[in-house]
Every structure is written in C-alpha cells, then in structure tokens.
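Residues per chain, in single letters:
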Amino acid sequence: MKTMSTTQHRFWKFVELGIDPYLDVYRYDVDIDVKMLKNRYSYLGKGEEAQEKFSIAGRIMGLRRHGKIVFAVLDDSTDTIQLVFRYDVLGEKLWHVVDLLNVGDIVGVKGRPMRTLRGEFSLLVEDIKVLSITWRDYPEKWHGLADIEKRYRMRYLDFVYNQKVRKAMINMYRIEKSFRDFLDSRGFIEIHTPKLQPIYGGALARPFTTKMYALDRTVYLSIAPETYLKRCIVGNFFKVYEIAVCFRNEDIDAQHYPEFVQIEIYWAFADWNDMMKLVEEMISNAVKEVFGDYVIDIDRNGEKIELDFKPPWKRIPLEDSIEEYGGIKVKDKPLEELLEIARQLSIKIDDFRRGKIIEKIFEKVVVPKIVQPTFVTLFPRDISPLARPYRDDPRYAERFEIYIDRLEIGNGYSELNNPVVQYYFFKKEEELRVKYADKLSHEVEYHPMDKDYVRALEYGMPPTAGVGIGIYRLTMVLSGLNTIKDVIPFTIVEQEEFQTIAEKHQDIVAYYVEKLQLDKY
RNA sequence: GGGCCCGUAGCUCAGCCCGGUAGAGCGGCGGGCUUUUAACCCGUAGACCGCAAAGGGCGGAAGUCCCGGGUUCAAAUCCCGGCGGGCCCGCCA
C-alpha cells in the first residue's frame, strides 16, 4: 500500500460506497467453475453472447481500464477468465465498485458467457459483489513474483503467480493418490508409524531431538518409518506402506531438506526383484494417470528432457555401472586401488569402508549420467545394514536404488529378517560409530543398535521386500523443478521485521473496534 | 563446516566497476477512452519521520539505497563486521 500521508486509504472509499466485505459478506453462491464454463461455451463465436447466467468467484489478477468498459482477469483456481464490465450493463452504482477494484481483490460476479470481438472468451458481468479486498499491492503483472526470498517467505503469492510451482503441488497430490489407489488394489494398507521415537533408525542420518514432557525424556523425530513398518510385518500385516514425513537434521541444498515425505512399502513373501517390478509398475502407472502418457517431456531451465517410464526399466549392477558410465573398473579391486581411483576423482574419503568408497565413486561418475528411470542394483553389503545379503555373493546386498534424471529417487531391498545377523550388523555399526566418533564428530552417521527391533525379528519376520521412494524428489523431477524447496509447500525462513495494516492504520482499527464492539464483549 | 553471489520505491530492476543532491517500467492517484490482452495517451505522488485528514494536506530532517562501524570534503557506490536470502562443495534421500 501507499504511504497514507498523501492519500486516503482505499478501504474508506469502499466504506463510502456502503461496502465492507468483512461485515457484509460471509458466503457467495458459486454455480460453476471457470474450467467447466469455458468447456461448455467453447462453441461461442466472436461477438456472440449466451443467455444463461452464471455466478463465479475468484481473485482479480489483471485490470485493463478503457473508460466505460473494463476488462479484468479472474482466477478461480481452476482456470482464468476475462470479465467484461460495461457501464451500460452495470449501471451507476456498480460502476463505482468496478472503479475501486485492485488486482488482488476477491470478487463474486454474475453474468453471461460471451466471446469478444477479439475472440477472448469472457463473462459479461451484470452483478458484482466484493468478497474480500487486498490491503497490499500485488506483484507486477509481467515478471510476477520473482525474488527468491520473497517467493519462499510469502509462498501464497508464489502459488498465485508461479504456474510451475502450482502444478507441482497438484501433481504431488495426484501422484500420492495414484500410489494409494494402486497399493489399495493390491491389498496393501497404510499404517502411520510414530514420528516421536525412543531410538531412531531405518536410515543413516543425524536425527532431530526433542523433549517429551509426559515421560520426561528425550525423543527423536523419525528419520524413517522402516523399522516400525517391519514390526507391522511381524504383526501379520503382510502388506503395508506409509506416506511418511521424515526428519533428518542435515543441511539444506537443492536435493535435500530436513523435513521430507517418502512412501515406504513392505511386502511379505516377496524379494527385491518382485519389489522392482512393483515399483516400476506403480510409478509408471502414476505417471500415466497424472500426465496422460508413459513418456513425458520435461522443461528443466530451458533444457528439454524426454523421460520414458514404460516398464521394464533399465537394471544395472552398481559396479558394472561405474564401468559402463565411467569407464572405471572397480570390481574385485583391492582397497588401495579404490582409494587411488577416488583420489584421482578428487573425492574426499573419510570413511574407509570398501562399500562407502565404491558408492562415492558411483555418485561422482555414474549418477550425473543416468537420465531415464533406472534401477541400480547390488549395492555393497557393508553399507546396507538392514538389507539381506545377496544370495549368490555375500559381498553384496540385495539392494537397489532408483535413479531418474540424475537424482536418487528411491532405495529398496530384500529385507534382512534374520535377527541374529541383524544384531551382528547393528553391533558392527556401533563399532564404526565409536571408531570414527572422535575423528569426525557428527560428520558420519551409523545405524544405532535397536534391540527392541531385533526382538521383533526374533518373533519371526517372513521374507519381505521393502522400498522407500522420495515423494518430493519424484515430484520435483516430474515437474521440471530444480530445487526441492519448490515442491515443498512451506519451507522455513528467518523472521523478518514488517508492519501489519492494523499497526499502520489506527483509524481503521478504531472503525472495527466500534463496528464490532470489540472493546465491549 | 568451507567458497562464491545478491539485498535500491508496493513489484521487477538500473545506478556501484570509475564516490559528487536516488532513477526507469509496472502498480498507485487525477484526467481521457465501450472490445482490450503487459491496452494506450496526458498529468502526478511515492524511498526516513511526525502531525493532520469526507479527501490527495502540513511540517521536519542531508537523513537508514538491509543494519552497524570505518575511509573521505563527500558513500547506494570503497573497506570491515553483522543480518537476511541464494548457489556450489562436504554430509544425509
């Protein structure tokens, strides 16, 4: 808003006209949405008007004033439509209202569908009701809201202005719905696991800690639902999943955010191969449902990418991929040679497990080259403490990761159901933690010992396959967005100093205190 | 944790390198225009503070160009520190 030293606030002009939406208007009868209206009257020719009247409501996104005719753009969240306000149609009184409109105001309008001489489908407005006003100026129409800081600070404006972000929100909802429908049709049920846990686990990450006053103890925010969903398997829920919020106290970048959503699926009597089939079917099915085809075109910062989700996806063992994509042989190489390869690739190694080094090399030379949906299989056993050793060679785990457009989207394996080996792996993880603790402080994470989980396995877990798929990352890839924060509805920003309208305009505060008798009741 | 970049009117930005009274477009306000599509044309206020206000006012102040210091006759501009945001690297998906 303007500073009020030279101008009366627009609000008072509405009051003069006898309009105060906060006092007068509590609802508005909408009888069609813009998308449907446009479809129904697509046949209208230039200059033609329909006879039926419709009421629609939404936000004014543009105003073009031409004297006794005004064109506006209304966004009702399904689509936008041009409104035509004509003096001769509206009459003196309503014309004053149109005169006061600003971009950002919320209105309900009633009128007849028409097509202008220039061919623009419109609503010829016969009645208008102001449902809410904006007290702040909206961004410039051409650039919209471009400042990145403001976009995250005022995400509601980002939603209004940035179609790609808006679409991503809808895409994400539809993908999740598609996953749920798909799993439901196969007999899976969703179970919500605790977000507050006494022992964190199911992934290797630094947790958030918080205080639970009821029990006077420290608890961890869930870093993954895995160990609880597998307890469900032990509990004879043989097909379970959860679309779970996970918290990991790590840094933020274009691919990571401390709070994120993933779907984890556990399927008893199946192994990793079954799970890969399920995953490629589930994701490709969702892509087809949401985007209409298995093959989709992505615009990533002007770079055109075609992604083909039609099953089956490429499968390649991790060590083979390093050779295929990077021309480097790592299979059966001694540790010293692996370290030398890492050094030449200028990879900093501070965790000297063989598998970790191979994984690093993989991330450096292979990941930036995988564009089409791909399963990378056979991960080193020593960095997979919850996975089952590969049946043909115990140096590997029956584990796969899903890569799409150079991003790790998911991770799955034949679940380790042997409580004795599970305990042994946890013990090893503990030792690693101790070994590197003083050297690296918080830099390297290991899976903590979880005896309660081991006991659950001791009651007998069937052979089971599991997978986790990052919903934000998948949505980000499918929406052509470059940073994960763009698909997260609201991200954290530091507090900022600013004044509210009430702080700036005591006269308006006084008006409402009087009108609503706020000081009396 | 390390490196780099950005912060100027409600919005989008220029000005900074090379110090000399703070700019444009959009938006606002006033006027014109009954078929526009970032409409157009004319005029105008607006960057900090205070006071007035049924109507576009009055006054202060060389003064917050994110904030605080410094250099200088003079700082939006140069230097140092901080705050906020972004990008890259390390770590987690």
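Please read all numbers here as calculations on a predicted model, not as lab measurements.

Participant: Outline the domain arrangement of chain A, supporting the account with residue identities and numerical values.
Facilitator: In terms of domains, chain A is made up of domain 1 (10-138) and domain 2 (160-313 + 372-486). If you average the C-alpha positions of domain 1 and of domain 2, the two centres end up 47 Å apart.

Participant: Can you explain the protein's contact with RNA strand B? Please cite residues and give values.
Facilitator: For RNA strand B, the set of nearby residues contains 57 residues, the closest of which are Glu16, Arg118, Lys360, Arg473 and Lys485. Put simply, 49% of the atoms of RNA strand B that lie within 4 Å of the protein are in sugar or phosphate. Here a base nitrogen of RNA strand B sits 3.0 Å away from a polar atom, N or O, in the main chain of Gly67. Side-chain polar atom of Arg248 to a sugar or linking oxygen of RNA strand B: 3.5 Å apart, as the coordinates give it. Where the surface near RNA strand B is concerned, the elements lending two or more residues are α1 (10-16), β1 (54-65), β2 (69-75), β3 (80-86), α5 (148-153) and α12 (354-365). Per element, the largest residue contribution to the surface near RNA strand B is five residues, and it comes from α5. Residue composition of the surface near RNA strand B, grouped by class: 16 nonpolar, 12 polar and 29 charged.

Participant: Describe the sheet that holds strand β5 (residues 121-132), and please don't skip the residues or the numbers.
Facilitator: Ordered in space as β1-β2-β3-β5-β4, the five strands form a closed barrel in which the pairing is mixed. Here the average twist between neighbouring strands, direction ignored, is 55°. Taken together, the six bridges between β1 and β2 define a ladder with antiparallel strand orientation. When the bridges of β2 are listed, Arg59 appears paired with Asp75.

Participant: I'd like to hear about the confidence of the model for chain A, residue by residue, with values.
Facilitator: Parts of the prediction with low pLDDT should not have their coordinates interpreted in detail. This prediction gives chain A a mean pLDDT of 92; 97% of its residues lie at or above 70. Here residues 1-7 scores under 50 on pLDDT; set against residues more than four positions off or in separate chains, the count is nine contacts.

Participant: Describe a negative patch on the surface, and please don't skip the residues or the numbers.
Facilitator: A cluster of acidic residues, Asp293, Asp297, Glu306 and Asp308, forms a negative patch on the protein surface. By the secondary structure assignment, Asp308 is in strand β13 (residues 303-308). When its relative accessible area of 34% is taken as the criterion, Asp308 is described as partly exposed.

Participant: If you had to explain the pattern of salt bridges to someone new, which residues and values would you point to?
Facilitator: If you walk through the whole model with that rule in mind, you get 44 salt bridges. Glu496 serves as the salt-bridge partner of Arg153, at 3.8 Å between the closest nitrogen and oxygen. Within this pair, whereas Arg153 is found in helix α5, its partner Glu496 is found in the loop between α15 (471-479) and α16 (501-504), the two being separated by 343 residues in sequence. Taking the relative accessible area as the measure of exposure, Arg153 reaches 21% and is therefore partly exposed. Linked by salt bridges that have partners in common, Glu49, Lys53, Arg112 and Glu126 make up one network.

Participant: Which residues make up the environment of Ala57, and what are the values?
Facilitator: Looking at where Ala57 falls in the secondary structure, it is placed in strand β1. C-alpha separation for the pair Ala57 and Ile32, spaced 25 residues apart in sequence, amounts to 9.1 Å.

Participant: Tell me what's going on with helix α14 (residues 451-458), and back it up with residues and numbers.
Facilitator: The complete set of buried residues in α14 reads Tyr453, Val454, Ala456 and Leu457. Seen along its axis, α14 keeps its buried residues to an arc of 155°; they face one direction. Among the exposed residues of α14, those oriented more than 90 degrees off its buried face are Lys451 and Glu458. Where α14 ends, the next residue or the one after it, Gly460, has phi of about 100°, a positive value.

Participant: Please provide a residue-by-residue account of empty space enclosed by the protein, values included.
Facilitator: Taken as a whole and judged by the stated rule, the model has one cavity of 30 Å³ or more. Taken as a whole, the largest cavity encloses approximately 30 Å³ of empty space. Forming the walls of the largest cavity are Ile175, Phe179, Ile283, Ala286, Val287, Val290, Phe291, Leu474 and Leu478. Taken together, the elements giving at least two residues each to the lining of the largest cavity come down to α7 (163-185), α9 (272-291) and α15. A per-element tally of the lining of the largest cavity places α9 first, with five residues.

Participant: Before we move on, could you go through the sheet that holds strand β17 (residues 407-414) and cite the residues and values that matter?
Facilitator: Within the open sheet, the eight strands sit side by side as β6-β10-β11-β18-β17-β16-β15-β14. Their pairing is mixed. Only two strands of the sheet have a single partner each, and these edge strands are β6 (189-190) and β14 (314-317). Relative to strand β11 (residues 259-268), strand β10 (residues 239-247) runs antiparallel, the two sharing nine bridges. Following the sheet pairing, Tyr241 is matched in β11 by Ile265. Packing of α9 onto the sheet brings it into contact with β11, β14, β15 (374-380), β16 (396-404), β17 and β18 (464-470), and relative to β18 it is tilted by some 35°. Each of β11, β16, β17 and β18 touches α15; the most contacted strand, β17, lies at about 135° to it.

Participant: Explain the packing of α7 against α15 to me, and be specific about the residues and the numbers.
Facilitator: When two helices pack together, their arrangement is given by the angle between the helix axes and the distance between those axes. Look at α7 against α15: their axes get within 9 Å of each other, and the N-to-C directions meet at 125°. Judged by the angle between their axes, α7 and α15 are oblique. The way α7 lies across α15 gives a crossing that is right-handed. Of the residues in α15, those touching α7 at Lys164, Ala168, Asn171, Met172, Ile175, Glu176 and Phe179 are Ile471, Tyr472, Leu474, Thr475, Leu478 and Ser479. Of the residues that constitute the contact of α7 with α15, the class distribution is eight nonpolar, three polar and two charged.

Reading guide: rules and limits
Residues numbered from 1 in each chain as written. Chains lettered and ligands numbered in written order. Predicted model: local features only at pLDDT ≥ 70, side-chain atom pairs only at ≥ 80, totals over all residues. Heavy atoms only, no water. Domains from an automatic or database assignment. Near = heavy atom within 4 Å. Polar contact = N/O pair within 3.5 Å; in protein donor to acceptor, adjacent residues only side chain to side chain. Helix = DSSP H or I, 4+ residues; strand = E, 2+ residues; numbered from the N terminus. Nonpolar A, V, L, I, M, F, W, Y, C, P; charged D, E, K, R; others polar. Pairing = 2+ DSSP bridges. Axes fitted to C-alpha atoms, helices over the stretch in contact; angles between N-to-C directions. pLDDT = per-residue confidence, 0-100. Contact = heavy atoms within 4.5 Å. Patch = residues over 30% accessible without salt bridge, like charges linked within 9 Å, V, L, I, M, F, W, Y side chains within 5 Å. Areas by Shrake-Rupley, 256 points an atom, 1.4 Å probe, with all protein chains shown as cover. Salt bridge = Lys/Arg side-chain N within 4 Å of Asp/Glu carboxyl O. Lys, Arg positive; Asp, Glu negative; His and termini not counted. Charge placed at Lys NZ, Arg CZ, Asp CG, Glu CD. Buried < 20%, exposed > 50% of the residue type's maximum accessible area, 1.4 Å probe, protein only. Arc of directions from axis to C-beta. 1 Å grid on protein atoms, 1.4 Å probe; cavity = no way out; pocket = protein on both sides within 12 Å on 5 of 7 lines; lining within 4 Å. Points joined across faces, edges and corners; volume = space filled by probe spheres on them. Parallel < 35°, antiparallel > 145°, perpendicular 65-115°, else oblique. Left-handed = near helix turned anticlockwise from the far one by under 90°.

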